[in-house]
Amino acid sequence: MSEDFDLSLLNSAQKEAVLYNNGNLLVSAGAGSGKTRVIAYKIAYLVKELLVPQQNILAVTFTNKAAGEMKERVESLLELNYFFGQISTFHSFCLRVLRKEAHYLGYSLDFAVCDSYDSVQIVKEVLKNMRLRLKEKPKVVHGIISAYKNGRKTSLPKDLSSDLINNVIEEYNNYLKNNNLMDFDDLLLNTLQLFRENDSVLDYYASNYPFILVDEFQDTNTVQYELIKRLSKNSIHLCVVGDEDQSIYGWRGAEYKNVSRFIEDFEDVKIIKLEKNYRSTREILKVANSVISNNPDRIEKKLFSEREEKGEMVIFGGLTPGEEAEFVAERVEELIESGELHSEIAILYRANYLSRHFEDAFVKRGIPYRVVGGIRFYERREIKDILAFLRLVNNTHDNVSFKRVINLPKRGIGEKTLDKLEQYSTSLFEAIDLIPENFPKFKFFKAFKETINNLKQAEFDLNFFDLLLEETQYIDFLKSEYFGHELESRIENIYEFRNAVKEYIQRAENPSLKEFLDSISLASDTDEISKDAVNLMTIHAAKGLEFNSVFVVGLEEGVFPTGQSFSSLEGIEEERRLIYVAITRAKTNLFLTFSRSRGFGDRYFEKRTPSRFLKEIPIEKFSISGFSPFSSPDYSSASYSSKEKIIDDSEGENKLSKGDTVIHSRYGEGTVMNVLDGGSKVIVKFKRVGIKILKGNTLKKEE
């Protein structure tokens, strides 16, 4: 698509940023303010009007896609077939430098760059050479090595000390150097080392790029910041474009404080704010401004818009996650019926595990959807593993499920061994009883069969899933395979599946494993995704996107903001930036939803407090549906679309406390899990029927 170079198309702040080309410039660009246009126009202006040679311009960003789109836009503005300046990612720029200069660091110029698979294999080799037998898989160790090399704070598994990891890193780096290899992290680190130790090399590149532009500056880490600082030591013009209000990648090393550091470290920094938003209505921007204003240490911006139309602004509180999802699905249907395209609707959540209820509700109503930047809940690896265990327990003749889980955790049982096993019986599970003691992995097979038999004998109740995790040691398996953010996400998915088991047992008359598996098959058996589908995604995946209607869901304390963020002010501030990013994805309609209860981790049911961020918005802009985020829940007034059972009987009156043993005339003996509303409602876990929410006066306390 061609684009004419016409400065009159820019607003006054954009034009000022394009025309300022002497000294250090910080463009504080709010969400939807047209920063990409400013960078492209600025490069075109340098070449077209100031006659700067193309090869003297360096522009860096974070993804190959962003760099490619930027290059195309500049070529269009300049009416060129090819732009000879450097527009690339940090890693691509560093690779170009090292291809010419790596000999200064003891590498030959034909060094190879390891991808992630190669790097993991090298870790495996290093651990073998060090004669270390770790519980963690090489992939996990490599994740820790990468975090350490980049100076990121990370927690270590119990059997790994800092000293041990440092020794492994030393051996790993030696292996790379001795074999003329660099990994992805080395591209930045080695370039920085080169610039620190070789003034002549740094002088060459600093003089070659007197005009430097950096996009998404709020996402730079410490290494990238220092690279830019050193490269720009003789620059005529350094322009960084960013918005600390949208810095949401602290967990992978981004330093939002680099924006304020830039003002402190560089001389005479001019600051230009891009505050005119071209995306959202005025009302949505008032909400976004109100929330983000609670963060200190930021360049204050007040986003404004010329879009005066009134969209829908709704806050909804449900009693359960199922009720929350039903509300969202119902409103999505209404939007579609009013003419909204499916693809103009987005459901944004804090973490992937939260997608399940919305996927279930959409499947139930036949609403086409896609999970952007992720995998549908029931197609995720860990969920398919657990389902395979359950299917094998339900039907021991299921050879497909047997083959999927026989090596979970890893037992070293390969295809040849399974082929031999199949010679004893068409059912691999039954064949275990027929193999001789000298059969390969004999003890493993016997132990595996005992595990499955133990599960077959167990009652399919609320304790069943915990028994499954204990017998299979699946969580320990995940901890040995994954690390950091990915590990947390997979464990969250497991416990969300546990909630699915709980919800089924609570609503079923006669719960059974077979019926549960049938219900899951129906929930996961969806048609091919339509091109026009509703978008489900994490807020991180939504960065840079926009939709006419946005639902921000799961707005509860401990969910959004996450429980992990409670330990530090910086953690809460990053969560607040996340909701700011979520809100500013919306063009016209904005829905904020929460649930008054949600199972999480190893807890089946827990009362939830609405997110603190709901108290930071101008409430008068919204209509309230369901529970208000500013009042205590009234459990007797909800419409239980998720079919969780609330029993209303009338028997004696007791003062009950958490942990009390109680008797119910219908359900027998149980234990009080929580007391609500001063004792008028009680959550009880019964031995026979699982968890129920009852009136307090229906229970008799066991003395």
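Rules used in this analysis
The written sequence of each chain sets the order in which its residues are numbered from 1. Reporting in this predicted model follows two pLDDT cut-offs: at least 70 for local features of residues, and 80 or more for side-chain atom pairs to be given and counted; totals over whole chains, interfaces and linings ignore these cut-offs and use all residues. Computation of side-chain values: all heavy atoms of the structure, hydrogens and water removed. Under the DSSP-based scheme used, a helix requires at least four consecutive residues in state H or I and a strand at least two consecutive residues in state E, with every element numbered from the N terminus. For this measure, only C-alpha atoms enter the radius of gyration; the expected value for a globule follows 2.2 Å times N^0.38, where N is the number of residues. Burial status follows relative accessibility: with a 1.4 Å probe on protein chains alone, a residue under 20% of its type maximum counts as buried, one over 50% as exposed, and anything between as partly exposed. Every residue pair with non-hydrogen atoms within 4.5 Å of one another is taken to be in contact. Areas reported as accessible are Shrake-Rupley estimates using a 1.4 Å probe. Residue values count occlusion only from the protein chains shown. We treat Lys and Arg as the positive residues and Asp and Glu as the negative residues; His and chain ends play no part in the count. Charged groups are reduced to one reference atom each: NZ for lysine, CZ for arginine, CG for aspartic acid, CD for glutamic acid. Strand pairing is assigned whenever DSSP identifies at least 2 bridges connecting the two strands. Structural elements are reduced to axes, namely lines fitted to C-alpha atoms, with helices fitted over the stretch in contact, and the angle between N-to-C directions of any two is expressed from 0 to 180 degrees. UniProt positions are given in the numbering used here, feature names are shortened, and annotations may be inferred rather than shown by experiment. Working definition: a ring pair exists when centres of Phe, Tyr or Trp rings (six-membered ring for Trp) sit within 6.5 Å. Plane angles under 30 degrees give stacked, over 60 give edge-to-face, the rest tilted. By definition, being over a ring means that NZ of Lys or CZ of Arg is both within 6 Å of the ring centre and within 35 degrees of the ring normal. For this quantity, the arc is that covered by the directions from the helix axis to the C-beta atoms. An automatic or database domain assignment supplies the start and end points of every domain. Two parts placed together each lose some accessible area under a 1.4 Å probe, and adding up what both lose gives the buried area. Any Lys or Arg side-chain nitrogen found within 4 Å of a carboxyl oxygen on Asp or Glu counts as a salt bridge.

**Q** Sorry, what's going on with the overall build of the chain here?
**A** The helix and strand inventory of the chain stands at 25 helices and 21 strands. For 703 residues, the compact-globule estimate of 2.2 N^0.38 gives 27 Å, and the chain sits close to it at 29 Å. Overall size of the chain, expressed as C-alpha extent along the three principal axes, is 85 × 70 × 45 Å. By residue count, 56% of the 703 residues in the chain fall in the buried class. Counted over contacts in the chain with a minimum sequence separation of 6, partners at least 24 positions apart contribute 73%. For the chain, the accessible area works out to roughly 31,200 Å², and carbon and sulfur atoms hold 46% of it. Each charge sign in the chain was given a centre, from 96 positive and 108 negative side chains, and these centres are 2 Å apart.

**Q** Would you explain the sheet that holds strand β15 (residues 623-626) in this entry?
**A** What holds strands together in a sheet is hydrogen bonding between their backbones, with the strands either parallel or antiparallel. As summarised here, the arrangement of the seven strands in space is β11-β12-β10-β13-β14-β9-β15, forming an open sheet in which the pairing is parallel. Strands with a single pairing partner mark the edges of an open sheet, and in this sheet they are β11 (369-371) and β15. Here the strands of the sheet are splayed against their neighbours by 20° on average, with no regard to which way each runs. Direction of pairing for strand β9 (residues 313-318) relative to strand β14 (residues 586-595): parallel, over a ladder of six bridges.

**Q** Would you explain the sheet that holds strand β7 (residues 237-242) in this entry?
**A** Taken together, six strands build an open sheet; the order of strands is β3-β2-β6-β7-β1-β8 and the sheet is parallel. Unpaired on one side and paired on the other, β3 (86-89) and β8 (270-274) mark the two borders of the sheet. Put simply, the sheet's adjacent strands are angled 15° from each other on average, direction ignored. As paired elements, strand β6 (residues 211-214) and β7 share four bridges and run parallel to each other. Among the inter-strand pairings, Phe211 is bridged to a residue of β7, identified as His237. Seen against the sheet, helix α3 (residues 64-78) touches β2 (57-61) and β3 and runs at an angle of roughly 160° to β3. Strand contacts of helix α4 (residues 90-101): β2, β3 and β6, with the helix running at about 115° to β3, the strand carrying the most contacts.

**Q** Can you help me understand the UniProt feature "binding site: ATP" (unreviewed entry) in the chain in this one?
**A** Mapped onto this numbering, the UniProt entry annotates "binding site: ATP" (unreviewed entry) at Ala29, Gly30, Ala31, Gly32, Ser33, Gly34, Lys35 and Thr36. Residue placement: Gly30 occurs in the loop between β1 (23-29) and α2 (35-48). Structurally, the position occupied by Ser33 is in the loop between β1 and α2. Under the relative-accessibility criterion, Ser33 is labelled buried at 2%. Those residues in contact with Ser33, other than ones at most four positions away along the chain, are Gln14, Leu274, Lys276 and Tyr278.

**Q** Whenever I open this one, the packing of aromatic side chains confuses me. Can you help?
**A** The relation between two aromatic rings is expressed through the spacing of the ring centres and the mutual angle of the planes. Considering all chains together, one arrives at 26 aromatic pairs under this definition. The interplanar angle of 55° and the centroid separation of 6.3 Å between the aromatic rings of Tyr249 and Trp251 together place this pair among those described as tilted. An aromatic cluster is defined as three or more aromatic residues linked by ring pairs; in this entry it consists of Phe460, Phe464, Phe465, Phe497, Tyr504 and Phe516. The ring of Phe111 carries the charged tip of Arg99 above its face, separated from the ring centre by 4.0 Å. Above the plane of the ring of Tyr20 lies Lys270, whose end atom (NZ or CZ) is 5.6 Å from the centre.

**Q** Is there a simple way to explain helix α17 (residues 415-422) in this structure?
**A** Structural remark: α-helix, 3.6 residues per turn; residues separated by three or four positions point the same way. Buried within α17 are the following residues: Thr417, Leu418 and Leu421. Angular distribution of buried residues about the axis of α17 spans 95°; they occupy a single face of the element. Among the exposed residues of α17, those pointing more than 90 degrees away from its buried face are Glu415 and Lys416. Among the structural elements, α16 (399-405), α18 (428-431) and α19 (442-457) are those in contact with the buried residues of α17.

**Q** I would appreciate a short explanation of the domain arrangement of the chain in the present structure.
**A** As assigned here, the chain comprises domain 1 (12-98 + 188-276), domain 2 (112-179), domain 3 (313-376 + 526-626), domain 4 (379-521) and domain 5 (660-701). Here domain 1 and domain 2 have C-alpha centroids that lie 32 Å from each other. Interface area, domain 1 with domain 2, both sides summed: about 350 Å², of which 65% is carbon and sulfur. Its largest share of buried area at the contact with domain 2, domain 1 owes to Leu95, Leu189 and Arg252, together 61% of the area lost on that side. Remark: the boundary between domain 1 and domain 2 carries zero salt bridges.

**Q** Could you clarify how one ought to interpret the environment of Gly318 in this entry?
**A** As for its placement among the helices and strands, Gly318 is situated in strand β9. Assessed through its relative accessible area of 0%, Gly318 is described here as buried. In sequence terms Gly318 and Asn166 are 152 residues apart; their C-alpha atoms lie 49 Å from each other. Residues within four places of Gly318 in sequence aside, it is in contact with Glu323, Phe594, Ser595, Arg596 and Phe627.

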